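Listed below, chain by chain, are the residues.
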Amino acid sequence: MQQIFAIAGLTWRAALRFKLFLVIATLLVLAVVGLPLIIKDDGTASGFTQIIMTYTLTVTAGLLGLSTLWLSCGTLARDIEECQIQVVATKPVARWQIWIGKWLGIVSLNAALLALAGACIYGMLLWRATKLPPAEQIALHQQVLVARGSAREPSYEAEINAETERIYQARLQQNPEFANLSRADKEEVRSNIFEQVVTSFELVPPGYPREWRIDLGHEKNYLRDKPMQLRVKFNSADHNPVGTYAGVWVVGDPNGTNIWQSAPMSLAPDTAHEIDIPPGLLDTNGVLTIVFVNPNNTALLFPLDDGMEVLYPVGGFAPNFARGLAVILCWLALLAAVGLAAASFLSFPVAAFLSMAMLLVVFSSGTLAEAVVAGSITSGNGETGVSGHSALDMFLIPLFKGILFLVGLTKDVSPIDLLSTGRAITWGDLGLAFAHIVLILGGVFIIAGIILFNRRELATAQGNQ
């Protein structure tokens, strides 16, 4: 390890000698401190969080990500092109040690810069929080400056699939001509039935209640005297000129005496709302029963994936924030491996271009997902709704699926979204992010980069000078 640490130290010296570390640190401090001063929040806890947490962390991750790709491509490619790597390679240092040493040097640089930015963000959070009104400070400490776990209803996937199959088979028996339909048409019929069944599970008709029973599991004893929040989101079947819909919430054990009922609330659709509920509403089994009464003249739909969620405290904000920064560091370690792998066999400009192109593909994952869902890269006929098809689909669609799978490994834990909503980033989440991002994806690029670097003829660069 002595050789590896020596190479990492040389990477640090190069970053300090060329003022890269100081420039990036200055830009980070200016962005973290200056952005909240330039962009004013609306005085609410949510607006405050959007400015301080979301924007600053996003800018920090973006700035460090771009600088990491640039540095990782340049530190190896420049050494090769300027014939400096030959001096190191002639010493008793293996090429894989050179590669790993540079990677560790870049990762440690990012760790120092990320710690600096994180300290500034944390300090800005605590300082600016004192400027909020007292009621918003309470909401901030309950909803953002905390680590909250979440619980949802059990999945209805089995029931939905069974009901979809039952209706589909019934239609086949009632309409024998269905047997003559093509496979694509049958799948479309099944998909339409599936969507209708899902809607039936989400729908709350006018004047009817909807009940959720959410099991808090092993956390039940800890949460009996803790206040919690309901995070609700719904859609409307019709447009309301007022823009909001009334609703009444009843929470508590139906067989007990401790039941909480809200006053009539006016809630906006397509918006996540957090409703505070008092402690002591769990039943003896740790199940929280929630009932929503729809007094409106239109049906409301609560999506199964994010329509109802119970949020509860599980820890403090400071360690949660530190784990979030550690996840971002995992992303930066992957970018360092990508840049070094590209520089192992390409010149600096080409390696930088390839790395940026790969990053652009990640940012375009939404477009790739739409193509995979449509089954084609062409837009099709907009008037008929029929998807177009191309000969390239047989190659590109499986490729897009593979890319989306790999991108999904990096998005299992989204620290910026979780921190800005006060969600807990557990040690298990951090371990999962490290395994997927650094060990699996990063390991692929590390192994590929070392192999390419070992096979590269370094004397060629010197002979071409």
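Right, let's walk through the structure included here. (Residues numbered from 1 in each chain as written. Predicted model: local features only at pLDDT ≥ 70, side-chain atom pairs only at ≥ 80, totals over all residues. Heavy atoms only, no water.)

## Focus: helix 7 (residues 157-174)
Then comes step 1: Its 18 residues give helix 7 an end-to-end C-alpha distance of 26 Å, which sits within 8% of 26 Å, the value for a rise of 1.5 Å per residue.
Then comes step 2: Inspection of helix 7 places Ile160, Thr164 and Tyr168 among the buried residues, and these make up the whole buried set. For helix 7, the angular spread of buried residues about the axis comes to 65 degrees, placing them on one side. Set apart from the buried face of helix 7 by more than 90 degrees, the exposed residues are Ala158, Gln173 and Gln174.
Then comes step 3: Its buried side turned inward, helix 7 meets helix 8 (183-202). (Helix = DSSP H or I, 4+ residues; strand = E, 2+ residues; numbered from the N terminus. Expected span 1.5 Å × (residues − 1). Buried < 20%, exposed > 50% of the residue type's maximum accessible area, 1.4 Å probe, protein only. Arc of directions from axis to C-beta. Contact = heavy atoms within 4.5 Å.)

## Topic: the nonpolar core
When a protein is soluble and globular, its nonpolar side chains tend to lie buried together.
Then comes step 1: Membership of the largest hydrophobic core comes to 76 residues, with the highest contact counts inside it found for Leu57, Trp99 and Trp103.
Then comes step 2: Per-element accounting of this core gives the leading share, 17 residues, to helix 10 (residues 317-343).
Then comes step 3: Every residue in contact with Trp99, bar those within four places of it in the chain, is listed here: Leu76, Ala337, Leu340, Ala341, Ser344, Phe445, Ile446, Gly449, Ile450 and Phe453.
Then comes step 4: By size, the runner-up hydrophobic cluster in this structure holds 26 residues, among which are Ala151, Ile214, Met228 and Leu300. (Core = buried A, V, L, I, M, F, W, Y, C linked by side-chain atoms within 4.5 Å.)

## Some words on the packing of helix 2 (residues 20-38) against helix 5 (residues 95-129)
Then comes step 1: Where helix 2 meets helix 5, the closest approach of the two axes is 10 Å, and the angle between their N-to-C directions is 20 degrees. Classed by the angle they form, the pair helix 2 and helix 5 counts as roughly parallel. Where helix 2 crosses over helix 5, the two elements pack in a sense that is right-handed. On helix 5, the residues touching Phe21, Ile24, Ala25, Leu28, Val29, Val32, Val33, Pro36 and Leu37 of helix 2 are Leu109, Ala112, Leu113, Leu116, Ala117, Cys120, Ile121, Met124 and Arg128.
Then comes step 2: Of the residues that constitute the contact of helix 2 with helix 5, the class distribution is 17 nonpolar, no polar and 1 charged. (Axes fitted to C-alpha atoms, helices over the stretch in contact; angles between N-to-C directions. Parallel < 35°, antiparallel > 145°, perpendicular 65-115°, else oblique. Left-handed = near helix turned anticlockwise from the far one by under 90°. Nonpolar A, V, L, I, M, F, W, Y, C, P; charged D, E, K, R; others polar.)

## A short note on the pairing of strand 1 (residues 147-151)
Then comes step 1: Counting buried positions along strand 1 yields 4 of 5 residues, so the element is predominantly enclosed.
Then comes step 2: Here strand 1 runs beside strand 12 (residues 308-315); their pairing, made up of 5 bridges, is antiparallel. Residue Gly149 lies in a different strand from strand 12, and its bridge partner there is Tyr312. (Pairing = 2+ DSSP bridges.)

## A closer look at the sheet that holds strand 2 (residues 203-204)
Then comes step 1: Within the open sheet, the 3 strands sit side by side as 2-11-5. Their pairing is antiparallel. Either end of the sheet is taken by a strand with one partner, and the two such strands are strand 2 and strand 5 (235-236).
Then comes step 2: Here strand 5 pairs with strand 11 (residues 300-301) via 2 bridges, running antiparallel. When the bridges of strand 11 are listed, Ser236 appears paired with Leu300.

## Focus on the pairing of strand 12
Then comes step 1: Counting buried residues in strand 12 gives 6 out of 8 residues, a clear majority hidden from the surface.
Then comes step 2: Where strand 4 (residues 228-232) and strand 12 come together, 4 bridges link them in antiparallel fashion. The residue of strand 12 that forms the bridge with Leu230 is Val310.

## Looking at a nonpolar patch on the surface
Then comes step 1: A contiguous nonpolar patch, built from Phe345, Leu354, Met358 and Leu452 and spanning about 300 Å² of accessible area, is present on the exposed surface.
Then comes step 2: By the element assignment, Met358 lies in helix 11 (residues 348-363). (Patch = residues over 30% accessible without salt bridge, like charges linked within 9 Å, V, L, I, M, F, W, Y side chains within 5 Å. Areas by Shrake-Rupley, 256 points an atom, 1.4 Å probe, with all protein chains shown as cover. Salt bridge = Lys/Arg side-chain N within 4 Å of Asp/Glu carboxyl O.)

## Quick notes on the environment of Thr11
Then comes step 1: Here Thr11 shows up in helix 1 (residues 2-17).
Then comes step 2: For Thr11, a relative accessible area of 3% corresponds to the buried category.
Then comes step 3: Residues Thr11 and Leu109, 98 residues apart in the sequence, show an inter-C-alpha distance of 8.9 Å.
Then comes step 4: Residues in contact with Thr11, not counting those within four places in the same chain, are Thr75, Gly101, Lys102, Gly105, Ile106 and Leu109.

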